[in-house]
Amino acid sequence: MAVALSHRKTVSNVYSDAQAAAVAAADMIEARLEAGTLHTFGVATGSSPSPVYRELSRRALSFSDVTVFALDEYLGLVPEHPQSYRAVIEREVIVPLAVSPHQVHLPDGADPAGYDQMIADHGGIDLQVLGIGRNGHVGFNEPGSPFDSRTRIVDLDDSTRAANARFFPSIDDVPRWAVTQGIATILAAHSLLVVASGGEKAHAVSAALDGPRTERLPASVLRDHRDVTWILDRDAAAMLRGSANKSTAEGTT
Ligand code: GLP
């Protein structure tokens, strides 16, 4: 059950585990694709969205007419670096979903504003997938990011670099800067799909859904969006205290 708050709709659904959450997220994306309402698809990297793309790749779907926009990218890594988001999206989205590389765009540190323009020129993003950082970041919009921010270059928090160090030989190898869609860029997408799994996200999820709306917790602004769906596993939802705009559907796997 979704509860509409004036023109806004926030739904949060809780599933038994990360795989069940990925199936639910893939169902939503597939439904958009089948309905012909997924011309532009915003993709996020991260441990929560990854299983969603894997699940989509198991289905007989065609993304050949879909233009893909990435949420963010590190600065300072060559595109061929295995941890550049271009490389991650190549492995997780382009190859498994058979998307033409020409249809995939990532923000460019040399022209951040041009990215917002490119998105606008495509009629906006129909459905943007988001993960959430342990500190409540969305994309690489770290705490303190202005809610009216657009695609821009940002410094990465030490806590984010520490969280992402698992993908690099050492924390010193984790980039210090990134280019990310801004908060206002993200809010301009027609629909948002936030995927979070694991107990490490429980605090950020509860703060985003139940805590104050504050730039100190960037994900808290997502409640301003008119159509946002949170798909959570039980661990990520563990600290939700239950709010007026939360509905719960237990997964079945
Ligand atoms: C990364 C990405 C975000 C992602 C988040 C969570 O740094 N820039 O887009 O949502 O952090 O990632 P993970 O799910 O791997 O913890």
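(A) Quick look at the overall build of the protein chain. What the protein chain contains, in helices and strands, is seven helices and 11 strands. Against the globule reference of 18 Å for 253 residues, the protein chain gives a C-alpha radius of gyration of 17 Å, in line with a compact fold. Dimensions of the protein chain along its principal axes, counting C-alpha atoms only, are 45 × 40 × 35 Å. Burial analysis of the protein chain (253 residues in total) assigns 58% to the buried set. Here the contacts in the protein chain between residues at least 6 apart in sequence split such that 78% fall between residues at least 24 apart. On the protein chain, roughly 10700 Å² of surface is accessible, and the fraction owed to carbon and sulfur atoms is 53%. With 22 positive and 31 negative side-chain charges, the protein chain shows a separation of 6 Å between the mean positions of the two kinds.

(B) Examining the site of the ligand more closely. Close to the ligand lie 15 residues, the nearest being S47, D72, H137, N164 and K201. Contact distances for the ligand include 2.8 Å between an oxygen atom and a backbone N or O atom of S47. Take D72: an N or O atom from its side chain is 2.8 Å from a nitrogen atom of the ligand. Considered on its own, the ligand offers 390 Å² of accessible surface; in the complex 96% of this is hidden by protein. Class assignment of the residues belonging to the shell around the ligand gives a composition of four nonpolar, eight polar and three charged.

(C) Summary view of helix α1 (residues 18-35). Taking 1.5 Å per residue as the helical rise, α1 with its 18 residues ought to reach 26 Å, and the 26 Å between its terminal C-alpha atoms agrees with that figure. Among all positions of α1, only A20, A21, A22, A24, A25, A26, M28, I29, R32 and L33 are buried. For α1, the elements touching its buried residues are β2 (8-15), β3 (40-43), α2 (50-57), β7 (127-130), β10 (191-196) and β11 (228-233). The opening residue of α1, the one whose side-chain oxygen lies 3.2 Å from the backbone nitrogen of Q19, is D17. Backbone geometry just downstream of α1 places G36 in the positive-phi region, at approximately 75 degrees.

(D) Molecular detail of the side chain of N135. For N135, the position within the fold is in the loop between β7 and β8 (152-155). A relative accessible area of 18% means that N135 is categorised as buried. A polar contact of 3.3 Å, which involves the side chain of N135, links it to the side chain of D157. Beyond its immediate chain neighbours, meaning those up to four positions away, N135 contacts E142, P143, D157, S159, T160, R216, L217 and P218.

(E) How the structure looks around the nonpolar core. Grouped together as the largest cluster of nonpolar side chains are 77 residues, with contacts concentrated most on I29, F41, F63, L222 and W230. Broken down by element, this core gets its largest block of residues, nine residues, from α1.

(F) Broad picture of the confidence of the model for the protein chain. The pLDDT averaged across the protein chain works out to 93; a share of 92% of its residues lies at or above 70. Per-residue pLDDT stays below 50 along residues 1-6; that stretch engages in eight contacts with residues further than four places along the chain or on separate chains. Note that residues 243-253 has pLDDT below 50 and, in this model, 24 contacts with residues that lie over four places away or in other chains.

(G) Broad picture of the environment of S191. In this structure, S191 sits in strand β10. Owing to a relative accessible area of 4%, S191 belongs among the buried residues under this scheme. Each C-alpha atom of the pair S191 and V129 lies 8.8 Å from the other, and the pair is 62 residues apart in sequence.

(H) Inspection of the sheet that holds strand β5 (residues 72-74) at higher detail. Read across the open sheet, the three strands follow the order β5-β9-β8; overall the sheet is antiparallel. Two strands lie at the open edges of the sheet, namely β5 and β8, each paired on one side alone. With strand direction ignored, the average angle separating the axes of adjacent strands in the sheet is 30 degrees. Bridging between β5 and strand β9 (residues 177-180) involves three bridges; their strand directions are antiparallel. Bridge pairing in β9 links Y74 to A178.

Basis of the calculations
- Residues numbered from 1 in each chain as written.
- Predicted model: local features only at pLDDT ≥ 70, side-chain atom pairs only at ≥ 80, totals over all residues.
- Heavy atoms only, no water.
- Helix = DSSP H or I, 4+ residues; strand = E, 2+ residues; numbered from the N terminus.
- Rg over C-alpha atoms; globule rule 2.2 N^0.38 Å.
- Buried < 20%, exposed > 50% of the residue type's maximum accessible area, 1.4 Å probe, protein only.
- Contact = heavy atoms within 4.5 Å.
- Areas by Shrake-Rupley, 256 points an atom, 1.4 Å probe, with all protein chains shown as cover.
- Lys, Arg positive; Asp, Glu negative; His and termini not counted.
- Charge placed at Lys NZ, Arg CZ, Asp CG, Glu CD.
- Near = heavy atom within 4 Å.
- Polar contact = N/O pair within 3.5 Å; in protein donor to acceptor, adjacent residues only side chain to side chain.
- Nonpolar A, V, L, I, M, F, W, Y, C, P; charged D, E, K, R; others polar.
- Expected span 1.5 Å × (residues − 1).
- Core = buried A, V, L, I, M, F, W, Y, C linked by side-chain atoms within 4.5 Å.
- pLDDT = per-residue confidence, 0-100.
- Pairing = 2+ DSSP bridges.
- Axes fitted to C-alpha atoms, helices over the stretch in contact; angles between N-to-C directions.

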